Amino acid sequence: MKTFKKIALFLLGLLLLVLLIGVVFVQSLKPDYSGKKPLTNLEQKVEVYYDTYGIPHIYGETELDAFRTLGYVHAQDRLWQMELLRRVGSGRLSEVFGKDLIETDKFFLNLGIDEASKKTVASVDVNKKSIQLAEAYINGINQYIAEGPTPIEFYLTGIEKTDFSLEDVYNTMGYMAFSFAMAHKTDPLLTNINNKLGSTYLADLEINSSTDLEWIKNYNLSPKDSIQNTITASVTQALGNLDLPLFEGSNSWVIGPKKTKSGKVILANDPHIGFSQPAVWYEAHVETPTYSKYGYHMAGIPFALLGHNKNLAFGITMFENDDVDFYYEENNPEDENQYATENGWKNYETISKTIKVKDTTAVSFTYKKSIHGPVLNGVPDLVKYERPIAFSWIYTQMENRGLDAFYEMGKATDLTTFKAALPKLHAPGLNIMYGDAQNNIGWFATAQLYEIPDSVHTKMVFEGGKGLPVQKTLLDFSKNPQAVNPPWNYVYSANNQPDTIAGMLYPGYYLPENRARRIVALLEPKNDWDSASASEMIVDITSSVAPEVIKDFTKLMDISSLDDTEMKVLDLMGQWKGDYPLESVAGTIYTRWVYYFLKNTFHDELGDELFQQFLATHLHKRVIAPMAAKPNSVWWDDKTTQNKIETQKDIVVDAFKKAISSLDSDFGPDITKWTWDKVHTLEHPHPIGQVAALRSFFNVGPFPVSGTREVINNMYFGYDEEGFYETTSGPSTRRIIDFSDIENSKSILPTGQSGNPFSSHYKDQAEMYIQGKFRKMMMNETVIKNSKEILIFSPKE
């Protein structure tokens, strides 16, 4: 018995020792929010005050010191996120996740992001303030890498920490620019539909710009090959599996003083980005004698993309302009390393890369480039074109002055200096929203635009010798869509069609008018806006368009053929206002009905693969309302039936019955049980959370969530046969900047400030976000310096 007790005591002691070591290890991985640290190359002391939600308020005597400190504190909360984002554009994911990501790495290398980054870094002016501050920020990151604890994800994946460089910053910016693009999803799809079905079928797909819809108004005082379009499906799937943020859309509006209760400007902004954990934005407040900004930073990028101070505020939405083109190349039949040009055969440029792969040997990869750009056929598992097809992207073709632009936007003191920075943003296209304490408001569609003749259809793959020329005629920024202090006293953007430029509506991949119509309908009649009402508006869950679609649908219903349940459903839909609270039944029915409407209409012609690709583009969002109102269309006939030509009525009625049947099957015959909270959820996924045993530790959620696609509170999900909607993207932050009370402006993040799962700020905002609540963005120095958590950095001796 004594021996047994000794063994038991020994095992208990061993267990306690293991637990103690575990606790000490976990504590060692947490970020430091208080204490003192030496920092290399620091000139003077920098104080960092952390508020209740873990946002650093950095006070330094010089900008170099402040940005060096920002790099350090950003890294201690987000180093893993920085690591992943720098690897995407440079094609280095396989080194972390193994052979399954080889084709994705090839694809991103094929885009030329890393080559463009190398070219940019080789030519930068090291004396520019933006570059000096970026280098200081990078040095701060690297000191954390050298001296700080290693994030747990590095242990789990087995990769080593390595220093960051300026090239990594540009690679991250390149990934951001690519994730904005919609052309790679749309152009090959439309070309394939045209080749397979003919141009008649394109007519009803809403592919052209239109003045019939709600569009953003200017005001300025001044041979038939089948293309197997697997680019989007495969790459999006690969990146989706890693749970990396993809940029989708956004809302923003700025209300002028004549429409606010206080007579001061209010700015609202909620960029729509793919949900991930950690969330995409890192908030930081930086103060020096020459720089003041409360900003939102992407991992690994030194300057804020969204920000404000006591003088001005700015936000972004996606412009959605067309800045990508595809060209067929004609190979020389005698030499596959040559292609046809107007001056004869020309040799392809050949670029070779080596991809490091976890747990196996490295892979060599070579791709070709024509005068138009990289030839995508070099990634056979992702891009299965039968003809050589080149990818022309303005982002990689022009000088990249993005860091200059974002620094100068952050440094600007008024509308004039702010606007002067914008022409330096050539791609991706952004709508920059502006407001200031001097009561100016502005919207600027910011990108390098160029002349596009009416005869050129930019949403198709160009045949050789056709399409846009290699040397495009660039437009001056003054020609871009924009509005400054318009007489209607507000500006807005919801990724919808902008006003004319250079005598044309600029082509793009614009979202439908749904959110734009709702924003205008709410802004237009009201002249006493304040922070509270703007906060209510930014979480609005009502569609202005959905009730009109239902009205068009119900006109086609034959009441005499409906059973009691179907009659109850139709009555309910007739009373619906288009809103999506958690208890909504009508919202659940409408969403199922629309899915089956789209499937009945398009699937028989497109087939499984093209239909799924269609659902991955903005096209399917744009066609819902117009097709619901269109009695005649070539798409109505079901090609799978014989001896019958279906009508719009057949399609709509059958979709209705399928929706009711599927809901009955899922939830039973009691329609009151068909509530939105049962089908619409949000989970913030972490890449490591794909391991089932670690999901609850790394992921945040799931939560039932209100809102839906294309309402202001835009909780996007993909349609599928299952009818259970896991939200994949939505507001990446919600910000309300009120210049009548700037120190009480407010915001929220989807989960939390920290990407470290051991931090108390990993998910401390998640419930507030779901409930539509906000927290203060602190700007009052006295209040900030009362913080109990202070991290002081001193020059390293």
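Anything mentioned here points back to the structure above.
Residues numbered from 1 in each chain as written. Predicted model: local features only at pLDDT ≥ 70, side-chain atom pairs only at ≥ 80, totals over all residues. Heavy atoms only, no water.

(A) Spatial organisation of the layout of surface pockets. By volume, the second largest pocket is sized at about 590 Å³. Lys119, Lys369, Thr396, Gln397 and Met398 are, among the 27 residues lining the second largest pocket, the residues nearest its centre. Of all the secondary structure elements, the ones that give two or more residues to the lining of the second largest pocket are α5 (113-123), β14 (349-355), β15 (363-369), β16 (389-393) and α11 (394-397). Within the lining of the second largest pocket, the residues separate by chemical class into 14 nonpolar, 8 polar and 5 charged. (1 Å grid on protein atoms, 1.4 Å probe; cavity = no way out; pocket = protein on both sides within 12 Å on 5 of 7 lines; lining within 4 Å. Points joined across faces, edges and corners; volume = space filled by probe spheres on them. Helix = DSSP H or I, 4+ residues; strand = E, 2+ residues; numbered from the N terminus. Nonpolar A, V, L, I, M, F, W, Y, C, P; charged D, E, K, R; others polar.)

(B) Quick peek at the sheet that holds strand β18 (residues 441-446). Strand order in the open sheet made by the 11 strands is β1-β28-β2-β3-β6-β7-β8-β9-β17-β18-β19, with mixed pairing throughout. Edge positions in the open sheet fall to β1 (35-39) and β19 (482-484), since each of these has one partner strand only. Going across the sheet, the axis of each strand differs from the next one's by a mean of 20°, ignoring polarity. For β18 and β19, the ladder comprises 3 bridges, and the chain directions are antiparallel. Within β19, the position partnered with Gly442 by the bridge is Val484. In this fold helix α2 (residues 63-89) packs onto β1, β2 (46-50), β3 (56-59), β6 (282-288), β7 (291-297) and β28 (789-795), with an angle of close to 160° to the strand it touches most, β6. Of the strands in this sheet, β7, β9 (312-318) and β17 (430-436) touch helix α12 (residues 402-411), which is tilted by about 130° from β7. (Pairing = 2+ DSSP bridges. Axes fitted to C-alpha atoms, helices over the stretch in contact; angles between N-to-C directions. Contact = heavy atoms within 4.5 Å.)

(C) Examining the sheet that holds strand β22 (residues 700-704) more closely. With mixed pairing, the 3 strands of this open sheet are ordered in space as β22-β21-β23. Among the strands making up the open sheet, the edge pair consists of β22 and β23 (725-727). With direction set aside, neighbouring strand axes in the sheet form an average angle of 25°. As defined by bridge partners, strand β21 (residues 680-684) adjoins β22 across 3 bridges and the pair is classed as antiparallel. Looking across to β22, one finds that His684 is bridged to Val700.

(D) Spotlight on the packing of aromatic side chains. Under the counting rule described, the total for this entry stands at 46 aromatic pairs. Plain terms: the ring middles of Trp576 and Tyr580 are 5.5 Å apart, the flat faces sit at 75° to each other, and that makes the pair edge-to-face. Look at Trp576 and you get buried, because its relative accessible area is 9%. Take Tyr580: its relative accessible area is 2%, and that puts it in the buried class. Positioned above the aromatic ring of Tyr53 is the side chain of Arg775, whose terminal nitrogen or guanidinium carbon lies 5.8 Å from the ring centre. (Phe/Tyr/Trp six-rings, centres within 6.5 Å; stacked < 30°, edge-to-face > 60°. Buried < 20%, exposed > 50% of the residue type's maximum accessible area, 1.4 Å probe, protein only. Lys NZ or Arg CZ within 6 Å of the ring centre and 35° of its normal.)

(E) Seen up close, the packing of helix α17 (residues 564-575) against helix α20 (residues 648-667). For the pair α17 and α20, interaxial distance at closest approach is 11 Å and the crossing angle is 105°. Accordingly, the angle class assigned to the pair α17 and α20 is roughly perpendicular. Taken together, the residues of α20 that come into contact with α17 (itself represented by Thr565, Glu566, Val569 and Leu570) are Phe656, Lys657 and Ile660. Here the contact of α17 with α20 is built from residues that sort into 4 nonpolar, 1 polar and 2 charged. (Parallel < 35°, antiparallel > 145°, perpendicular 65-115°, else oblique.)

(F) Representation of helix α18 (residues 586-615) in the model. Taking 1.5 Å as the rise per residue, α18 with 30 residues should run 44 Å; its terminal C-alpha atoms sit only 22 Å apart, a clear shortfall. Of all bends in α18, the biggest is about 125°, found at Gly607. Within α18, 24 of the 30 residues are buried, leaving the element largely enclosed by the surrounding structure. (Expected span 1.5 Å × (residues − 1). Bend = angle between axes of the 7 residues up to and from the residue.)

(G) Representation of the packing of α18 against α20 in the model. Taken N-terminus to C-terminus, the directions of α18 and α20 make an angle of 130°; their axes are 8 Å apart at the nearest point. The angle between α18 and α20 places the two elements in the oblique class. Helix-helix and strand crossings are classified by hand; for α18 and α20 the assignment is right-handed. Taken together, the residues of α20 that come into contact with α18 (itself represented by Thr588, Ile589, Arg592, Trp593, Tyr596, Phe597, Asn600 and Thr601) are Ile651, Val652, Asp654, Ala655, Phe656, Lys658, Ala659, Ile660, Ser662, Leu663, Asp666 and Phe667. Looking at the contact of α18 with α20 residue by residue, the classes come out as 12 nonpolar, 4 polar and 4 charged. (Left-handed = near helix turned anticlockwise from the far one by under 90°.)

(H) Highlighting unusual backbone geometry. In this structure, the amide linkage connecting Gln277 to the following residue, Pro278, adopts the cis form with an omega of 5°. Inspection of the secondary structure puts Pro278 in the loop between β5 (266-274) and β6. For the bond from Ala427 to Pro428, the omega torsion is 0°, close enough to zero to count as cis. As for its placement among the helices and strands, Pro428 is situated in the loop between α13 (415-421) and β17. Positive phi values are uncommon outside glycine, yet Asn489 reaches one of about 70°. Tracing the sequence through the fold places Asn489 in the loop between β19 and β20 (490-493).

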